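The residues making up each chain are set out below.
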Amino acid sequence: MPAPLTEQQTRQDGEALLDAAEALFYEKGIRAVGMDEVRAASGLPLKRIYRLHPAKDDLVAAVLRRRDLRWRADLAAAVEAAGADADADPGADGPRARLLAAFDWLGRWFAEPGYRGCAWINAFGELGPASPAVLAEVRAHKEAFHAQLADWSHAAGLPDPSAVQLLAEGAIVTAAITADPTPARRARAAVEALLDATR
């Protein structure tokens, strides 16, 4: 009888599974990837995979949940770094720099090899409301992302963040369709115009 798995091994297996599933789902799409392909990419037996995530929708939701934490943390770190640089410059506007930095970060993301747009929009496009677990992750991500943009918008003096949120979402989708990071620069310029108009 094999020895029971340790907590550390379970964690490592879980991370390996999420790494493999995230890469496959993002590159190929959720429906196009079967669990045998996830098994092969992760190196874990199907029995182990289903012990960690009893259904494919559970795995998709876990992938989106983990990606959300990493994605929003990376965005926030870039925004805060730009804001700190601006705060150190007496002639700069830190809150404005933070908001505009969000669009600079989006532009870098759009230019990454293999960029296929928003994983959450893609998941919703494939599964729609058919998977309540996935739908909950999609909505949670969008609400949290929009809250980040709202905080930065308010700090920069924009009372209504909805235009900024729509510009960001539109840039994300357009960049995926066109395979061109330019929409981030255009959205940034539009946000600059909004900021200038509120002065």
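Shown above is the structure to which this text applies.
Along each chain, numbering runs from 1 in the same order as the chain's sequence is written. The predicted origin of the model limits local features to residues at a pLDDT of at least 70 and limits the giving and counting of side-chain atom pairs to 80 or more, whereas totals for whole chains, interfaces and linings rest on all residues. Calculated side-chain values reflect all of the structure's heavy atoms, with hydrogen atoms and water omitted.

So, the layout of surface pockets
To be explicit about the condition: A pocket, in this scheme, is an open set of points on a 1 Å grid over the protein atoms alone with protein on both sides within 12 Å along at least 5 of 7 lines, while a cavity is a set where a 1.4 Å probe fits but cannot get out; residues line either one if an atom lies within 4 Å of a point. Grid points are joined across faces, edges and corners, and a volume is the space filled by probe spheres set on the points. Helical segments are the DSSP runs of H or I of at least four residues, strand segments are the runs of E of at least two, and each set is numbered from the N terminus. Gly falls in the polar group here, along with every residue not listed as nonpolar (Ala, Val, Leu, Ile, Met, Phe, Trp, Tyr, Cys, Pro) or charged (Asp, Glu, Lys, Arg).
The calculated volume of the largest pocket comes to roughly 200 Å³. Among the elements of the structure, α1 (7–28), α4 (56–87) and α5 (94–110) are those that each provide at least two residues to the lining of the largest pocket. When residues of the lining of the largest pocket are assigned to their parent elements, the largest contribution, 4 residues, is made by α4. Its residues assigned to classes, the lining of the largest pocket shows 6 nonpolar, 1 polar and 6 charged.

Side note on a nonpolar patch on the surface
Worth spelling out the cut-off: What makes a patch is a set of residues exposed beyond 30% relative accessible area and free of salt bridges, joined within 9 Å when like-charged and within 5 Å when nonpolar (Val, Leu, Ile, Met, Phe, Trp, Tyr). To be clear on the numbers: accessible area is Shrake-Rupley with a 1.4 Å probe, and residue cover counts the displayed protein chains and nothing else. Any carboxyl oxygen of Asp or Glu within 4 Å of a side-chain nitrogen of Lys or Arg constitutes a salt bridge here.
On the surface, I121, V173 and I177 cluster together into a nonpolar patch covering about 260 Å² of accessible area. Along the chain, I177 falls in helix α8 (residues 162–178).

Quick look at the side chain of T182
Quick note on the threshold: Counting of polar contacts relies on pairs of N or O atoms within 3.5 Å, with two restrictions inside protein: one atom must be capable of donating a hydrogen and the other of accepting it, and residues adjacent in sequence are counted only when both atoms are side-chain atoms.
Looking at the element boundaries, T182 is found in helix α9 (residues 182–197). A polar side-chain atom of T182 sits 2.6 Å from a polar atom in the side chain of D180.

A closer look at the packing of α8 against α9
Inclusion rule: Each axis is a line fitted through C-alpha atoms, and for a helix only the stretch in contact is used; angles between axes span 0 to 180 degrees, taken between their N-to-C directions. Put simply, angles under 35 degrees are roughly parallel, angles over 145 are roughly antiparallel, angles from 65 to 115 are roughly perpendicular, and the rest are oblique. Here a crossing is called left-handed whenever its near helix is offset anticlockwise from the far helix by less than a right angle, and right-handed whenever the offset is clockwise. In what follows, a contact means two residues having at least one pair of non-hydrogen atoms within 4.5 Å.
At their nearest, the axes of α8 and α9 sit 8 Å apart, and the two run at 165 degrees to each other. On the basis of the axis angle, α8 is roughly antiparallel to α9. When the axes of α8 and α9 are compared, the crossing they make is right-handed. Residues A163, V164, L167, A171, T174, A175 and T178 of α8 form the contact with α9, whose participating residues are P183, A184, A187, A190, V191 and L194. The residue inventory of the contact of α8 with α9, partitioned by class, reads 11 nonpolar, 2 polar and no charged.

Digging into α8
Using the following cut-off: By definition here, a helix of n residues has an expected span of 1.5 Å times n minus one. Note on exposure labels: buried denotes an accessible area under 20% of the residue type's maximum, exposed denotes more than 50%, and partly exposed covers the range between, all computed with a 1.4 Å probe on protein chains only. Note: the arc covers the axis-to-C-beta directions of the helix.
Here α8 spans 24 Å end to end across 17 residues, near enough to the 24 Å set by a 1.5 Å rise per residue. Where α8 is concerned, the buried positions are V164, Q165, A168, E169, A171, I172 and A175. The buried side chains of α8 occupy one side of the element, clustering within an arc of 155 degrees when seen end-on. Those residues of α8 that are exposed and angled more than 90 degrees off the buried face are L166 and I177. Those residues of α8 that are buried lie in contact with α5, α6 (119–127), α7 (132–155) and α9. Remark: A179 follows α8 within two positions and exhibits a positive phi of approximately 55 degrees.

So, the environment of V33
Here V33 lies in the loop between α1 and α2 (35–42). For the pair V33 and A21, spaced 12 residues apart in sequence, the C-alpha to C-alpha distance is 8.7 Å. Here V33 is in contact with L24, F25, K28, V38 and K56, once residues within four sequence places are set aside.

Quick word on α1
The terminal C-alpha atoms of α1 lie 31 Å apart, and with 22 residues this matches the ideal 32 Å at 1.5 Å per residue to within 8%. Of the residues making up α1, those classed as buried are D13, G14, L17, L18, A20, A21, E22, L24, F25 and Y26. Each element contacted by the buried residues of α1 is listed here: α2, α3 (46–52), α4, α5 and α6.

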